[in-house]
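# Working through the structure, step by step
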Amino acid sequence: MANVTNNRPLSPHLQIYKPIPTMVMSIVHRITGGALYVGTLLVAWWLVAAATGLGAYDWANWVLGSIVGKLVLLGYTWALIHHMLGGFRHFMWDLGHGFGKEFSTRLAIANIVASLCLTLLVWVIGFIIRF
């Protein structure tokens, strides 16, 4: 009669977990890490276009300057900042600090708020410098 669990699954699945900020930030950290691969390819494409010639550079600027291109760049900026702040969180944990439930929850919420505010700040500064 080993492993009898009263008709419950042997291992839990996502449907029974209540999403908490630290769990959500862990998932978002992984997603932003993957998104950074695509965004970095776009930056590399833009740099190669700049090195290739004026026609390729103009076309890359047109694509990235379109509404869709700007939304992609906005998402890339947020992913970069969010992943960086999450990395600081992980570095703090590697040093042995911030393991308390309340503190780690506040830190997860601060991560999302700070990443959104810093992304907005970067874009506002970018638009001010551009004009």
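Our subject is the structure listed above.
Rules used in this analysis
Residues numbered from 1 in each chain as written. Predicted model: local features only at pLDDT ≥ 70, side-chain atom pairs only at ≥ 80, totals over all residues. Heavy atoms only, no water. Helix = DSSP H or I, 4+ residues; strand = E, 2+ residues; numbered from the N terminus. Buried < 20%, exposed > 50% of the residue type's maximum accessible area, 1.4 Å probe, protein only. Lys, Arg positive; Asp, Glu negative; His and termini not counted. Salt bridge = Lys/Arg side-chain N within 4 Å of Asp/Glu carboxyl O. Contact = heavy atoms within 4.5 Å. Patch = residues over 30% accessible without salt bridge, like charges linked within 9 Å, V, L, I, M, F, W, Y side chains within 5 Å. Areas by Shrake-Rupley, 256 points an atom, 1.4 Å probe, with all protein chains shown as cover. Expected span 1.5 Å × (residues − 1). Axes fitted to C-alpha atoms, helices over the stretch in contact; angles between N-to-C directions. Parallel < 35°, antiparallel > 145°, perpendicular 65-115°, else oblique. Nonpolar A, V, L, I, M, F, W, Y, C, P; charged D, E, K, R; others polar. Phe/Tyr/Trp six-rings, centres within 6.5 Å; stacked < 30°, edge-to-face > 60°. Left-handed = near helix turned anticlockwise from the far one by under 90°.

### As for the environment of Ala56
Among the structural elements, Ala56 can be located in helix 2 (residues 54-65). Residues Ala56 and Trp45, spaced 11 residues apart in sequence, show a C-alpha to C-alpha distance of 9.8 Å.

### Topic: the side chain of Arg89
If you trace the backbone, Arg89 turns up in helix 3 (residues 67-94). Asp94 provides the closest opposite charge to the buried, salt-bridge-free Arg89, at an N-O distance of 11 Å. Those residues within four positions of Arg89 in sequence are excluded, and the remaining contacts are Met25, Ser26, Ser104, Leu107, Ala108 and Asn111.

### What about a nonpolar patch on the surface?
Side chains of Leu118, Leu121, Ile125 and Ile129 sit close together on the surface and give an oily, nonpolar patch of about 370 Å² of accessible area. Mapped onto the secondary structure, Ile125 falls in helix 4 (residues 101-130).

### Here we look at helix 3
Over its 28 residues, helix 3 extends 40 Å from the first C-alpha to the last, a length consistent with the 40 Å expected when each residue adds 1.5 Å. Packing partners of the buried residues in helix 3 comprise helix 1 (21-52), helix 2 and helix 4. Taken from the residues just after helix 3, Gly96 is the one with a positive phi, measuring 90°.

### Examining the packing of helix 1 against helix 2
The N-to-C vectors of helix 1 and helix 2 enclose an angle of 150°; their axes lie 7 Å apart at closest approach. Viewed along their axes, helix 1 and helix 2 adopt a mutual orientation that is roughly antiparallel. Facing helix 1, whose interface residues are Trp45, Trp46, Ala49, Ala50 and Thr52, helix 2 presents Ala56, Tyr57, Trp59, Ala60, Asn61, Val63 and Leu64. Partitioning the contact of helix 1 with helix 2 into residue classes produces 10 nonpolar, two polar and no charged.

### Topic: the packing of aromatic side chains
Applying the stated criterion to the full structure yields three aromatic pairs. Relative to Tyr57, the ring of Trp46 has its centre 5.9 Å away and its plane inclined at 45°; by these criteria the two rings are tilted. Of this pair, Trp46 sits in helix 1 while Tyr57 sits in helix 2, and the two are 11 residues apart along the sequence. Consider the rings of Trp123 and Phe127, whose centres lie 5.9 Å apart with planes at 50°: the pair is tilted. Residue Trp123 and its partner Phe127 are located together in helix 4, separated by four residues, close to a single helical turn. For Phe127, a relative accessible area of 35% gives the class partly exposed.

### Concerning the packing of helix 1 against helix 4
At a minimum axis distance of 8 Å, the contact between helix 1 and helix 4 shows a crossing angle of 45°. Judged by the inter-axis angle, helix 1 sits oblique to helix 4. As for the relative orientation of helix 1 and helix 4, their crossing is left-handed in sense. Counting all contacts with helix 1, which are made through Pro21, Thr22 and Met25, the residues of helix 4 involved are Ser104, Thr105, Ala108, Ile109, Asn111 and Ile112. Class assignment of the residues belonging to the contact of helix 1 with helix 4 gives a composition of five nonpolar, four polar and no charged.

It is worth stressing that arrangement in space is one thing and function is another; only the former is reported here.
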